[in-house]
Amino acid sequence: TGTAKRLMNRTYVDEYNATFAGMIPLRGPRAVVIVTLHRTRKDAAGTAAPAYRDIASAAMSYLEVRPDRETGPEP
């Protein structure tokens, strides 16, 4: 995950470049998904991460990849 505030004319503006990347599955990856959004109003957690989740989920379904582990809180 990465978020960078944008700089215009030597001044930081209320815009961000947001990135989220990951491999699916984590063990023995078959795909890498990278989402980069420019000039967003929110950080990566609020923009690129949800887009990554949707794209990775669709890719896992297409590739017939099962999750490495169940999602949710740790016991």
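Rules and cut-offs
Residues numbered from 1 in each chain as written. Predicted model: local features only at pLDDT ≥ 70, side-chain atom pairs only at ≥ 80, totals over all residues. Heavy atoms only, no water. Salt bridge = Lys/Arg side-chain N within 4 Å of Asp/Glu carboxyl O. Buried < 20%, exposed > 50% of the residue type's maximum accessible area, 1.4 Å probe, protein only. Helix = DSSP H or I, 4+ residues; strand = E, 2+ residues; numbered from the N terminus. Expected span 1.5 Å × (residues − 1). Arc of directions from axis to C-beta. Contact = heavy atoms within 4.5 Å. Pairing = 2+ DSSP bridges.

Some details on the pattern of salt bridges
Here is step 1 of the chain: The full count for this structure, using the stated rule, is three salt bridges.
Here is step 2 of the chain: The shortest N-O distance in the salt bridge between glutamate 15 and arginine 6 comes to 3.1 Å. Take glutamate 15 and arginine 6: they sit in the same class, and that class is buried.
Here is step 3 of the chain: We note a salt bridge from aspartate 54 to arginine 53, for which the minimum N-O separation is 3.3 Å.

A closer look at helix α1 (residues 48-63)
Three- or four-residue spacings in an α-helix give side chains the same orientation, since the helix completes a turn every 3.6 residues.
Here is step 1 of the chain: Its 16 residues place the ends of α1 22 Å apart at the C-alpha level, agreeing with the 22 Å of an ideal helix rising 1.5 Å per residue.
Here is step 2 of the chain: If you check which residues of α1 are buried, you get Ala48, Ala49, Tyr52, Ala56 and Met60. Along the axis of α1, the buried positions cluster into a sector of 95°, meaning they face one direction only. The outward face of α1, more than 90 degrees from its buried face, is lined by the exposed residues Ser61 and Tyr62.
Here is step 3 of the chain: Against β2 (11-24) and β3 (31-40) lie the buried residues of α1.

With respect to the pairing of β2
Here is step 1 of the chain: The pairing of strand β1 (residues 2-8) with β2 spans six bridges and is classified as antiparallel. Note that in β2 the partner of glycine 2 across the bridge is threonine 19.
Here is step 2 of the chain: Hairpin connection, β1 to β2: the antiparallel pair is bridged by two residues, and asparagine 9 has positive phi, about 50°.
Here is step 3 of the chain: Of the strand pairs in this sheet, β2 and β3 are connected by eight bridges, and their pairing is antiparallel.

Comments concerning the environment of alanine 18
Here is step 1 of the chain: Relative to the assigned elements, alanine 18 resides in strand β2.
Here is step 2 of the chain: Distance in space between the C-alpha atoms of alanine 18 and leucine 37 is 5.2 Å, their sequence separation being 19 residues.
Here is step 3 of the chain: In this structure, alanine 18 is in contact with Gly2, Val35, Thr36, Leu37, Thr40, Asp43, Ala44, Thr47 and Ala48, ignoring residues within four places of it in sequence.

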